[in-house]
Amino acid sequence: MKCAIVPVLLALLLAGCATEKGVVDKGAYELDTRRQAQAAYPRVKVLVIHYTADDFDSSLATLTDKNVSSHYLIPAIPPQHNGKPRIWQLVPERDLAWHAGVSFWRGATRINDTSIGIELENRGWQKIDGQKRFVPFEPAQIAALIPLAKDIIQRYDIKPQNVVAHADIAPQRKDDPGPLFPWQALAQQRIGAWPDPARVAFYLNGQPPYQPVETSALLDLLARYGYEVPENISPAQQKRIIMAFQMHFRPQLWNGVSDKETMAIAEALLEKYGQG
Ligand SMILES: [Zn+2]
């Protein structure tokens, strides 16, 4: 609270400020903040994890230039200062960063408007023998990410199902952070969603995990969980959505093929976290 300190008015103003606790003097007007609504929620609802697909210096240059930005950037091996890993904050959390692009999650578009973005320095993938080969994340980088992600999740009360990969919210354009990102280990630290193995086994119901299922049935589950599944998309586009889901929740095989285990994982997630 600010009060003008013109001497002749001092006593009067101090009296005013002191007696009206919760009334804020804004200079040209006052704000009465004594009644607070119950239906008030943080504007930030989603935490998006990325990799930069570049080295640290180039990542920092790109993320501080005019076209894209992210709230946080974590080096592959964060330098230690006072025994603590150093993380770069490039955008204050109250401001919007341009990290998500055209995006969709659980009925919402423009995820930049409602999210915090964390970029991890990582080279992404290289094609070797026609296969995308991803680069593992450094344990020191994940160790730095964990307390930062926990802070953000706690401050905004972000739901586990809203801690997402960039690929989850833009599966047609993005792979990051890819299948080597340790989602399962993070979920054990209460960062993000993970299905209960017993429920996956229940839905698998003894059938072979890679037994084919109807793609439309799987996509229906993924749409209910939160992915954007437009009508009349091509088989290649359908495959991209399934791959994004598998990279997140079944990283040992992300071939984009509709199979029984992928379906069982989606059913177990829906049961645990509800529909998007
Ligand atoms: Zn990204």
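None of these values were measured; they are calculated from a predicted model. Along each chain, residues carry numbers from 1 onward, in the same order as the chain's sequence is written. Confidence filtering applies because this is a predicted model: local features only for residues at pLDDT of at least 70, side-chain atom pairs given and counted only at 80 or more, and all residues used for totals across whole chains, interfaces and linings. Neither water nor hydrogens contribute to the side-chain values; these are computed over all heavy atoms in the structure.

Engineer: What am I meant to see in the coordination of the zinc ion here?
Structural biologist: Note on metal geometry: ideal angles are 109.5 degrees for four donors arranged tetrahedrally and 90 or 180 degrees for six donors arranged octahedrally. The rule for donors is simple: N, O or S, within 2.8 Å of the metal, or within 3.2 Å if the metal is Na, K or Ca. Water isn't counted, so a site may look like it is missing partners. Coordination sphere of the zinc ion, protein contribution only: His-50 (ND1), His-166 (ND1) and Asp-176 (OD), at 2.1 Å. All donors of the zinc ion belong to a single chain; written as a sequence motif, their spacing is H-x115-H-x9-D. Of the two residues, His-50 is situated in strand E3 (residues 46-51) and His-166 in helix H4 (residues 166-169); the sequence distance between them amounts to 116 residues. For His-50, a relative accessible area of 1% gives the class buried. A run of H or I in DSSP becomes a helix once it reaches four residues, and a run of E becomes a strand once it reaches two; helices and strands are each numbered from the N terminus. Note on exposure labels: buried denotes an accessible area under 20% of the residue type's maximum, exposed denotes more than 50%, and partly exposed covers the range between, all computed with a 1.4 Å probe on protein chains only.

Engineer: Would you mind going over the packing of helix H7 (residues 215-225) against helix H9 (residues 260-273) with me for this structure?
Structural biologist: How two helices pack is summed up by the angle between their axes together with the distance between the axes. Simply put, an axis is a line fit to the C-alpha atoms, just over the touching stretch for a helix, and the angle between two N-to-C directions goes from 0 to 180 degrees. Packing of H7 against H9 brings their axes to within 10 Å, and their N-to-C directions diverge by 30°. When the interaxial angle is binned, H7 and H9 end up roughly parallel. Viewed along their axes, H7 and H9 form a crossing whose handedness is left-handed. Across the interface between the two elements, Ala-217, Leu-218, Leu-221, Leu-222, Arg-224 and Tyr-225 of H7 pack against Thr-262, Met-263, Ala-266, Glu-267, Leu-269, Leu-270 and Tyr-273 of H9. Charged residues are taken to be Asp, Glu, Lys and Arg, nonpolar residues to be Ala, Val, Leu, Ile, Met, Phe, Trp, Tyr, Cys and Pro, and polar residues to be all remaining types, Gly included. Tallied by class, residues from the contact of H7 with H9 come to 10 nonpolar, one polar and two charged. By the definition adopted for this analysis, an angle is roughly parallel if under 35 degrees, roughly antiparallel if over 145, roughly perpendicular if from 65 to 115, and oblique otherwise. Each helix crossing is assigned a hand: it is left-handed if the near helix lies turned anticlockwise from the far helix by less than a right angle, otherwise right-handed if that turn is clockwise. Throughout, a contact is declared for two residues whenever any of their heavy atoms are within 4.5 Å.

Engineer: How do you make sense of the pattern of salt bridges when you look at a structure like this?
Structural biologist: Proximity of charged atoms lets side chains of opposite charge pair with each other. The working definition used for a salt bridge is a side-chain nitrogen of Lys or Arg within 4 Å of a carboxyl oxygen of Asp or Glu. Scanning all chains against the criterion turns up nine salt bridges. Of the charged contacts in the structure, one is a salt bridge between Asp-196 and Lys-272, with a shortest N-O distance of 3.0 Å. Of the two residues, Asp-196 sits in the loop between helix H5 (183-188) and helix H6 (197-204) while Lys-272 sits in helix H9, which places them 76 residues apart along the sequence. For Asp-196, a relative accessible area of 36% translates into the label partly exposed. Members of the salt-bridge network, linked through shared partners, are Lys-132, Asp-175 and Arg-240.

Engineer: Looking at this structure, how should I read the packing of helix H8 (residues 235-249) against H9?
Structural biologist: Between H8 and H9, whose axes approach to 11 Å, the crossing angle comes to 70°. As summarised for this structure, H8 and H9 are arranged roughly perpendicular, according to the angle between their axes. Together, Phe-245, Gln-246 and Phe-249 of H8 and Thr-262, Ile-265, Ala-266 and Leu-269 of H9 make up the contact between the two elements. Of the residues that constitute the contact of H8 with H9, the class distribution is five nonpolar, two polar and no charged.

Engineer: What should I look at first to understand the sheet that holds E3 in this one?
Structural biologist: One key point about sheets: their strands pair by backbone hydrogen bonds, in either a parallel or an antiparallel sense. One bridge is not enough; two strands pair if DSSP finds at least two bridges between them. The sheet built from five strands is open, its strands ordered E7-E4-E10-E3-E13 with mixed pairing. In this open sheet, the two edge strands, each paired with only one partner strand, are strand E7 (88-89) and strand E13 (163-165). Sheet topology note: the E3/strand E10 (residues 115-120) ladder contains six bridges and is parallel. For Leu-47, the partnering residue across the bridge sits in E10 and is Ile-116. Sheet strands touched by helix H2 (residues 56-63): strand E4 (72-74), E7 and E10. Its angle to E4, the strand with the most contacts, is close to 175°.

Engineer: It is not clear to me how the UniProt feature "domain: N-acetylmuramoyl-L-alanine amidase" (unreviewed entry) in the protein should be interpreted in this structure. Could you clarify?
Structural biologist: UniProt positions are given in the numbering used here, feature names are shortened, and annotations may be inferred rather than shown by experiment. Taken from the UniProt record, the annotation "domain: N-acetylmuramoyl-L-alanine amidase" (unreviewed entry) applies to residues 32-178. Secondary structure across residues 32-178 comprises 20% helix and 25% strand; the distance between its end C-alpha atoms is 48 Å.

Engineer: It is not clear to me how the packing of aromatic side chains should be interpreted in this structure. Could you clarify?
Structural biologist: Within a pair of aromatic rings, the relevant descriptors are the distance that separates the centres and the angle that separates the planes. Within 6.5 Å between ring centres, the rings of Phe, Tyr and Trp (the latter by its six-membered ring) count as paired, and their orientation is classed by plane angle as stacked under 30 degrees, edge-to-face over 60, tilted in between. One pass over the full model with this rule turns up 12 aromatic pairs. Look at Tyr-225 and Phe-249: their rings are 6.1 Å apart centre to centre, the planes differ by 85°, and that puts the pair in the edge-to-face class. A residue pair is termed long-range when its members are at least 10 positions apart, and Tyr-225 in helix H7 and Phe-249 in helix H8 qualify at 24 residues. Summarising the burial analysis for this pair, Tyr-225 and Phe-249 share the class buried. What links up through ring pairs into an aromatic cluster is the set Trp-105, Trp-194, Tyr-225, Tyr-227, Phe-245 and Phe-249. Think of it as a cone above the ring: NZ of Lys or CZ of Arg counts as a charge over the ring if it is within 6 Å of the ring centre and within 35 degrees of the ring normal. Geometry around Tyr-225 places Arg-106 over its ring, the cationic atom sitting 4.9 Å from the centre. Positioned over the ring face of Phe-202 is Arg-199, at 4.2 Å from the centre of the ring.

Engineer: What should I look at first to understand the pairing of E10 in this one?
Structural biologist: Regular strands show a simple pattern: their side chains alternate between the two faces of the sheet. Taken across its six residues, E10 has six buried, putting it largely inside the fold. Residues Ser-115, Gly-117 and Glu-119 line one face of E10 and the alternating positions Ile-116, Ile-118 and Leu-120 line the opposite face, and both faces are buried. The pairing of E4 with E10 spans three bridges and is classified as parallel. Bridging from a neighbouring strand, Tyr-72 pairs with Ile-118 of E10.

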